[in-house]
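Survey of secondary and tertiary structure
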Amino acid sequence: MAVSTRTLGRSGIEVSALGMGCWAIGGPWAEGTRPLGWGAVDDEESVRAVRRALDLGVTLFDTADTYGAGHGERILGRALAGRRDEAVIATKWGYTFDEAARQATGEDASPAYLRRAVTDSLRRLDTDRIDLYQLHLGDLPVPRAEALVDTLEELVADGLVRAYGWSTDRVDRAAAFAQVAPGATGVQHGLSVLRDAPAMLAVCDKHDLASIARGPLGMGLLTGKYTPGSTLPRDDVRGTAPNWLEWFRSGRPAPEWLRRVAAVRGALTADGRTLAQGALGWIWARSGRTVPIPGARTVAQVEENAAALRWGPLAPDQFAEVERQLAALRSAALRDADRPHWPMPPVPAARP
């Protein structure tokens, strides 16, 4: 059963049921010598990939000002030139960076910085409005997030932002924010067949929030191309695997996660889908308000992901079989103490 569109929570904004994550097309940037990007990227291929996604019915593009220290927004804006009205742009703010040096420099949760950040993002994206503006600081204390609501509402009233949300894996924060922020319409959080998020999905249901599913393919593990012997390059964030990144360790796929991929491969591909398409189908079957945003940086990756729209959600019996295969493995993985709050790059302790 094909699936085509979903609604972004309270906003009523209609988007494709599949989005495109734009972290990778930001290209290299770092904190000191530690890479935060996915290695070298071909900007021309990135532009082609975004435009191909539009051609195939993908309308939601999720980026952040910090991806590539601003470069990701510039590339997305360039790719959407002449087709802006076909797309729904989601971006994020909160981390600070040096655009010229391509360096992460810290974070800033002040209302004043919020105003500067939205102006800068609009300029880089070459657009007059941001459709979904997301707080990127997932662990920010609730009172500090609430202090941003008045400014966000002013940005909505001014037409610069259509709706806003929070990128966080903290259920308590998402719930508290939804109760005090009239324009809050979504929460971006980790969700995949390997890593369910029942408590966050319950918050989204209760408060009519869109669930923007970050990491739906396990940063590539659910494409099936990685083996125990695979090694990621040092200029790829997965190659250094900081402590907030669980899927890889010492530049290699983590064995425990490869075992989980192997456990569900058969069930996810039983009807002829690729592994990635099966993983996306699981998410659509899991929740009617979830929009997965798998990352892509080539036309070929976009085409495989977009083909999942034709397959739609897993059939009930297929979904049940995946759940049966994963039941024992997943029970331990759902402990809060075991859940990293990613992708939240480590930042210097000092506030700018």
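In case you missed it, the structure is sitting above this.
This one's a predicted model, so the numbers in the text were calculated from it and none came from an experiment.

**Quick word on the overall build of the protein chain**
- What the protein chain contains, in helices and strands, is twelve helices and 16 strands.
- The globule rule puts the C-alpha radius of gyration for 352 residues at 20 Å, and the 19 Å found for the protein chain is close to it.
- Oriented by its inertia axes, the alpha-carbon framework of the protein chain measures out at about 50 × 45 × 40 Å.
- Counting the 352 residues in the protein chain, one finds 60% classified as buried.
- At a minimum sequence separation of 6, the contacts of the protein chain that also span at least 24 residues come to 75%.
- Counting only carbon and sulfur atoms, one obtains 52% of the accessible surface of the protein chain, whose full area is about 13200 Å².
- Here the protein chain contributes 42 positive and 43 negative side-chain charges, whose respective centroids are spaced 4 Å apart.

**What to know about the environment of Gly-70**
- Counting through the fold element by element, Gly-70 comes out in the loop between β6 (60–62) and α2 (71–79).
- Judged by relative accessible area, Gly-70 falls into the buried class, the value being 0%.
- When the C-alpha atoms of Gly-70 and Ala-100 are compared, they prove to be 9.2 Å apart, with 30 residues separating the residues in sequence.
- Contacts of Gly-70, omitting those with residues within four sequence positions, involve Asp-65, Phe-97, Glu-99 and Arg-124.

**Description of the packing of helix α1 (residues 43–55) against α2**
- Across the interface, α1 lies against α2 with an axial gap of 9 Å and an inter-helix angle of 55°. Comparing the axis directions of α1 and α2 gives the class oblique. Judged by the twist between their axes, the crossing of α1 over α2 is right-handed. Contacts between α1 and α2 involve Asp-43, Glu-44, Ser-46, Val-47, Val-50 and Arg-51 on the former and, on the latter, His-71, Ile-75, Leu-76, Arg-78 and Ala-79.
- In terms of residue class, the contact of α1 with α2 is made up of five nonpolar, two polar and four charged.

**Description of the sheet that holds strand β3 (residues 19–21)**
- Sheet architecture is open: eight strands sit in the order β3-β6-β7-β10-β11-β12-β13-β16, paired in parallel fashion. Strands with a single pairing partner mark the edges of an open sheet, and in this sheet they are β3 and β16 (290–292). Taken pair by pair, the neighbouring strands of this sheet meet at an average axis angle of 25°, ignoring direction.
- One ladder, built from five bridges, connects strand β12 (residues 184–190) with strand β13 (residues 210–214); its direction is parallel. Bridged to Gly-186 within β13 is Ala-210.

Rules and cut-offs
- Residues numbered from 1 in each chain as written.
- Predicted model: local features only at pLDDT ≥ 70, side-chain atom pairs only at ≥ 80, totals over all residues.
- Heavy atoms only, no water.
- Helix = DSSP H or I, 4+ residues; strand = E, 2+ residues; numbered from the N terminus.
- Rg over C-alpha atoms; globule rule 2.2 N^0.38 Å.
- Buried < 20%, exposed > 50% of the residue type's maximum accessible area, 1.4 Å probe, protein only.
- Contact = heavy atoms within 4.5 Å.
- Areas by Shrake-Rupley, 256 points an atom, 1.4 Å probe, with all protein chains shown as cover.
- Lys, Arg positive; Asp, Glu negative; His and termini not counted.
- Charge placed at Lys NZ, Arg CZ, Asp CG, Glu CD.
- Axes fitted to C-alpha atoms, helices over the stretch in contact; angles between N-to-C directions.
- Parallel < 35°, antiparallel > 145°, perpendicular 65-115°, else oblique.
- Left-handed = near helix turned anticlockwise from the far one by under 90°.
- Nonpolar A, V, L, I, M, F, W, Y, C, P; charged D, E, K, R; others polar.
- Pairing = 2+ DSSP bridges.

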